[in-house]
Amino acid sequence: MKLFFQNKKNLILLIIVSILFIVNLINIIFFTPMIADQHWAQKIFYVHVPSAWVGFLGYFIVMISGFMLLIKNDIKWDDTALAAAEIGTFFMALVLITGPIWAKPIWGTTWIWEPRLTTTLILFLYYMGYFMFRSFGGNIERIRRQAAVLGIIAFINVPIIFLSVQFWDPEIQSHPQVEMANQPPEILYSFLFSLSVFTIMFILMLKYKVHLINLKNLSNKNV
Amino acid sequence: MLSVDRIYKTFNRFNILNGISFSQQEGEILALMGKNGSGKTTLLRIIARIMKPDSGSILFQGNELLSNNSLFRKNLLYLGHDPGMYSYLSAKENLRFALSFRYKSQPITKIQKVLDRFELSGFSSEPISVFSKGMLQRLKLAYVELSSWDLLLFDEPFTGLDKNGIDLVGQLIKKWRDKNKTVIMVLHNEHRAKQIADKKLLIDSGKIILD
Amino acid sequence: MLFSLIKKELMMEFRSKQIILSMLFFGLAIILIFALSSNVSRVILSNYAPGMFWLMNLFIIVLGVHRSFAYEKDFDAFSILISNPIDRGLIFVAKWVSGFLFISVTQFVIFVPFFKLLLLEFPENTLLFLSTTLFINIAIMAVANLISGIVLRSKFSEILLPLLLFPLLSPIAIAATKISKSVISLQPFAMWNEWFLIIASIIVIFGLAGYALFDYVVEE
């Protein structure tokens, strides 16, 4: 099996992602405007919100891959699900780290039970259980199928979790993400650019992780 | 009656079954043999739809057994190594439930009569957790006797039985043969297989090496 | 068929008495810990009572549901269900219905010690409180039985079950606490109807998902 980056397409993608990432970082640090009452803390949002987007995208892919595994019974869907779950959870962890860093100077507290953050925390904990389930052995073929079901029910539960937390305490200040749409162009376009960079980075990471899982499966296979 | 076509199954990344194919006519008694770990029990559990293979198909009475339609298994009866019954329930209760799952209820008098025949009537109201291995095997035989089926999948029918029990199984096999019933049995004893089976399937490393 | 499956569950419990008794005594132990560890006034405690009630319920449900599926592993009893011509979704429904009955019986019994030992007043709308509790139980048992079926054959299933279940039950925990609090405070239905709808949607979504996916869950 070829090394992942021996494939020209993957190598080009890596170069593009690297360049875009650096450009994004420079843009966030030096060129995005400073908001009067939030200063540097606000800039975390250019990382925090795209991380959340990518995290949820990952979990969505876990759900779709789960459905496809149950229908087609093709192991590649489980590889995709596992890869998406790992990357999604990584970005969710990033959300849970950057969220409090932003929240402290803005809200005066490192944590509030705001709907998006709460949904992120719940899913993060659930997926820790998902990985433990996958690790605790037993028949790998059964684990794959049942993990697919876990991935499906996790994501169908997301709107319920979100709504219930939202109704729980409507006075809790929600993310300013909603207000993003009303922001001036220099903030909005930078945000959208960061969102795109994170999405392309996610695609590259997903492809690479699937490749690694394939390699691991090949080495484990008893021919 | 039964057609097993290119069944593949991996179990914890080991290839347990590698393209198993065979067919069985109505009224045949087939002995499934092989070393420990060769895939005999796995094959039976796949036919019984307790597990699904990675690929392949199994046709039984013209229906695809591996589909989700549970009614295709109506005339198929599976008995594994383990009792496959509820430890807190009595022999009578277990039989009544098991038969209700097969759309076949039997009057309690008939159940009692069969339990008598299999020398379990003295324990018929005790929870089966107190049963010995041999008694549990007899209970399984009673279940077979009371059920209606066209194909029986029986994993090691002689396990734990005393001489009387073995004779009972012999009598049952004769009865099944007379009634043109189809049976697949996992057996370890070559001599016994020769005596009772019409056909022998030897599995080794997930492949059939003798048919 | 469904009736036979439910009857089997009830008979198993009637013989073994493991599920209801273990939930009951575990619940009493939790009430004891609540009473000893919450050194606050009755007024403050009464504010937290609905949350504590549901916290206790969630813990005892984990115990009960795990035990309900553990029966199936003994003597490989589960193979008789899945090898027979039974719609596997009905196995889920039978576990759901029987689980609902077991937790409801336990709650009816533990309701009195909960309020008495914590020195709280019984809700004025006791009937409404218990009715809404039953309704919430339906939702909890749908989710709990689906997850329990998944972890049935895993190693450390007693650890995996709460790990996977509690995050999924968080919306129910929020809704249940809100509903119970509203009922205790004698608020009109219009003020808590959205929580009722959340519970109803969970029942529908997880009921259907459980029925449809249980076939994949129970295969070896």
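Undergrad: Even after reading the chapter, I still don't get the overall build of chain B, so can you show me in this structure?
TA: A count of helical and extended segments in chain B gives 6 helices and 10 strands. Each principal axis of the C-alpha distribution contributes one length, and for chain B these read about 45 × 40 × 35 Å. At a minimum sequence separation of 6, the contacts of chain B that also span at least 24 residues come to 69%.

Undergrad: Would you explain the interface of chain C and chain A in this entry?
TA: Where the parts come together, the accessible area they lose is often given as the size of the interface. Contacts between chain C and chain A engage 27 residues on the former and 26 residues on the latter. Residue assignment for the side of chain C that touches chain A shows that the elements contributing at least two residues are α6 (126-151), α7 (157-184) and α8 (193-218) of chain C. Partitioning the side of chain C that touches chain A into residue classes produces 19 nonpolar, 3 polar and 5 charged.

Undergrad: Explain the environment of M201(A) to me, please; I cannot follow it from the model alone.
TA: Residues and elements named next belong to chain A. Note on placement: M201 falls in helix α8 (residues 185-220). Residue classification places M201 among the buried residues on the basis of 21 C-beta atoms within 10 Å. With 45 residues separating them in the primary sequence, M201 and I156 have C-alpha atoms 25 Å apart. Other than its neighbours up to four places away in sequence, M201 contacts V17 and F21.

Undergrad: Teacher, can you tell me more about the interface of chain B and chain A here?
TA: With 6 residues of chain B in contact, the opposing surface of chain A contributes 6 residues. Contributions of two or more residues to the side of chain B that touches chain A are made by β1 (2-11) and β2 (14-24) of chain B. Class assignment of the residues belonging to the side of chain B that touches chain A gives a composition of 2 nonpolar, 3 polar and 1 charged.

Undergrad: Help me out: how do you make sense of the environment of A98(B) in this one?
TA: With respect to the helices, strands and loops of the structure, A98(B) is situated in helix α2 (residues 91-100). Spatially, the C-alpha atom of A98(B) lies 25 Å from that of E28(B), the residues being 70 residues apart in sequence.

Undergrad: Before we go on, may I ask you to explain the packing of α6(C) against α8(C) in this structure?
TA: Axis angle and axis distance: for two packed helices, these are the angle between their axes and the distance between the axes, and together they describe the pair. Residue and element names in this part refer to chain C. One can describe the packing of α6 onto α8 by two numbers: an axis separation of 9 Å at closest approach and a directional angle of 20 degrees. Overall, the two elements α6 and α8 adopt an arrangement that is roughly parallel. Handedness of the crossing formed by α6 with α8: left-handed. In this structure, α6 uses F135, I136, I138, A139, A142, V143, N145, L146, G149 and I150 to contact α8, whose residues at the interface are I199, I202, I203, F206, G207, A209, G210, F214, V217 and V218.

Quick notes on the rules
Residues numbered from 1 in each chain as written. Chains lettered and ligands numbered in written order. Predicted model: local features only at pLDDT ≥ 70, side-chain atom pairs only at ≥ 80, totals over all residues. Helix = DSSP H or I, 4+ residues; strand = E, 2+ residues; numbered from the N terminus. Contact = placed C-beta atoms within 7 Å. Nonpolar A, V, L, I, M, F, W, Y, C, P; charged D, E, K, R; others polar. Buried ≥ 20, exposed ≤ 12 C-beta atoms within 10 Å, placed from the backbone. Axes fitted to C-alpha atoms, helices over the stretch in contact; angles between N-to-C directions. Parallel < 35°, antiparallel > 145°, perpendicular 65-115°, else oblique. Left-handed = near helix turned anticlockwise from the far one by under 90°.

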